[in-house]
Amino acid sequence: MKISQDTMNLIIEEGEKCIGCKACMKGCPMLEKFCSSPKELLRELKDAKAFDYKLPYSCMLCGYCTKVCPKKVDLKGLFLELRRDAVDQTDGKLPKDLGISKVDMHQKLSFSKIFATGVENLQSDWVFFPGCALMAYSPKIVENTYAYLRDKIPGMGIYIKCCGKPTRFIGKEEKFNEYFSALEREFEAKGVKKVVTSCQNCYITLSQKSSRVEVLSLWEILADVGIPKEKKGIGKSLNYRATLHDPCPTRDVSSIQNSVRKIIETLGLEVEEMKFNRGRTLCCGSGGMVGVTQSHIAEKHNKRRATEAETEYIITYCQECVEAMRRGGKKSFHLLDILFNDDFHNMKQENNSTLTKWVNRYRGKTIGKKVR
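Calculation notes
- Residues numbered from 1 in each chain as written.
- Predicted model: local features only at pLDDT ≥ 70, side-chain atom pairs only at ≥ 80, totals over all residues.
- Heavy atoms only, no water.
- Pairing = 2+ DSSP bridges.
- Helix = DSSP H or I, 4+ residues; strand = E, 2+ residues; numbered from the N terminus.
- Right-handed = clockwise from strand over helix to strand, strands pointing away.
- Disulfide = S-S within 2.5 Å.
- Buried < 20%, exposed > 50% of the residue type's maximum accessible area, 1.4 Å probe, protein only.
- Axes fitted to C-alpha atoms, helices over the stretch in contact; angles between N-to-C directions.
- Parallel < 35°, antiparallel > 145°, perpendicular 65-115°, else oblique.
- Left-handed = near helix turned anticlockwise from the far one by under 90°.
- Contact = heavy atoms within 4.5 Å.
- Nonpolar A, V, L, I, M, F, W, Y, C, P; charged D, E, K, R; others polar.
- Core = buried A, V, L, I, M, F, W, Y, C linked by side-chain atoms within 4.5 Å.
- Arc of directions from axis to C-beta.

1. Re the pairing of strand S4 (residues 194-197)
Logical step 1: With 4 bridges connecting them, strand S2 (residues 126-129) and S4 associate as parallel partners. Its bridge partner lying in S4, Val 127 is registered against Val 195.
Logical step 2: Sheet analysis places S4 next to strand S5 (residues 214-217), joined by 4 bridges and oriented parallel. When the sheet's bridge partners are listed, Val 195 is paired in S5 with Val 215.
Logical step 3: Between S4 and its parallel partner S5, the chain crosses via helix H11 (residues 200-209), and the hand of that crossover is right-handed.

2. A few points about the state of the cysteines
Logical step 1: On inspection of all chains with the given rule, the structure shows 0 disulfides.
Logical step 2: Of all cysteine sulfurs, the one in Cys 65 lies closest to Cys 59, which takes part in no disulfide; the gap is 6.2 Å.
Logical step 3: Left unpaired, Cys 202 is separated from the closest cysteine sulfur, that of Cys 199, by 3.7 Å.
Logical step 4: Assessed through its relative accessible area of 3%, Cys 202 is described here as buried.

3. Looking at the packing of helix H12 (residues 218-225) against helix H13 (residues 254-267)
Logical step 1: Running from N to C, H12 and H13 point in directions that differ by 45°, and their axes come no closer than 8 Å. Between H12 and H13, the angle falls in the class oblique. As H12 runs across H13, the sense of the crossing is left-handed. Residue-level inspection shows Trp 219, Glu 220, Leu 222 and Ala 223 of H12 in contact with H13, the latter providing Ser 255, Ile 256, Ser 259, Val 260, Lys 262 and Ile 263.
Logical step 2: In terms of residue class, the contact of H12 with H13 is made up of 6 nonpolar, 2 polar and 2 charged.

4. Remarks on the pairing of strand S6 (residues 242-245)
Logical step 1: Burial of the side chains of S6 extends over both faces: Ala 242 and Leu 244 are buried on one face and Thr 243 and His 245 on the other.
Logical step 2: Strand direction decides the pairing type here: S6 and strand S7 (residues 271-273), joined by 3 bridges, are parallel. Bridge pairing in S7 places Leu 244 opposite Glu 273.
Logical step 3: Following the chain from S6 across H13 to the adjacent parallel S7, one finds a crossover that is right-handed.
Logical step 4: Bridge count between S6 and strand S8 (residues 313-316): 4 bridges; the pairing is parallel. Among the inter-strand pairings, Ala 242 is bridged to a residue of S8, identified as Tyr 313.

5. A short note on the nonpolar core
Logical step 1: Counting 67 residues, the largest nonpolar core has Val 196, Trp 219, Ile 263, Leu 335 and Leu 339 as its most contacted members.
Logical step 2: One finds Ile 11, Leu 82, Ile 170 and Cys 248 within the second-largest nonpolar core, a separate group that totals 48 residues.

6. Thoughts on the sheet that holds S5
Logical step 1: Ordered in space as S1-S3-S2-S4-S5, the 5 strands form an open sheet in which the pairing is mixed. Strands at the two margins of the open sheet, each flanked by one partner only, are strand S1 (119-120) and S5.
Logical step 2: Strands S1, S2, strand S3 (157-159) and S4 of the sheet are contacted by helix H10 (residues 173-190), whose axis makes an angle of about 165° with S3.

7. Remarks on helix H18 (residues 354-363)
Logical step 1: By the burial criterion, the buried members of H18 are Trp 358, Asn 360 and Arg 361. Down the axis of H18, the sector holding all buried residues measures 155°, keeping them to one side. The exposed residues of H18 that point more than 90 degrees off its buried face are Leu 355 and Arg 363.
Logical step 2: Elements in contact with the buried residues of H18: helix H6 (100-110), helix H7 (132-137) and helix H8 (139-152).

See below:
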């Protein structure tokens, strides 16, 4: 596919910055598939003025490369622009082997009245925004979490909808803006000023794109108001250790990372740290919809990250990461499982089927009516 002039300018700019040190390749199974160094890749793109459409859709868009780059070369930004070029050239009808139709359908359903609601149960200017993945996993955990939040922050409403990030990261910026504007209109119409997110992707998307609300992390809120009294020290009852994995979307939000560790300490959990943690954490393999577009690369990321942990169990605070760690060969659970799963000690180590996820999301629509 052809490279637009704006993207070409970015390629030239990043190519001039890159010194070919390959620091970015040490934690990225994707780059080695396409080049021996990013400087070489940038040179080839510049000379060819065209790109293999599979290239940008193989990137997790996790930003690790820029984080470790001494010159801050922005490959994530470049690959996202190449995705947008691909969308523009195909009028959104991308090659079928990328599987984009699955993402499009997911987004269409996620914003439909079948699986989404408006802001409900609102008696203040606070709203809980649980996101898609957690609801697809367990509407009961979402309900329990919301009930606890509403007890601590009276009048908090709930908004069950997607943030639209999958559409944005596929490269369909215009469609994303259409989806996101619906959220903004709802915030304005209902007088919402503060949004509490449990999903790291939602936190980043809302923080970056919303001009109407203050975005707060569930983990910062729980660290501040405290966890349920009956859960304090419950981690001591576990007969195994776990390793903590930090999700990559909030790699640079240290306040969330600190809050999570405070909660873990209060729970009495014994956890080990990853070699690449906090600001240098690696993607679990779920980033950028690569699990759909280039599943073999995503699987390599899953195993790469999972095997970094020496323990049998991995704990994290992102449901997509939980599922990725299981695909990578480990046992894994969400921090909210310990806090709000009524049957945590007997939970099964298996990921929900696609059908089960959609059924859960449909059932979760009633949470606003259940919690008063």
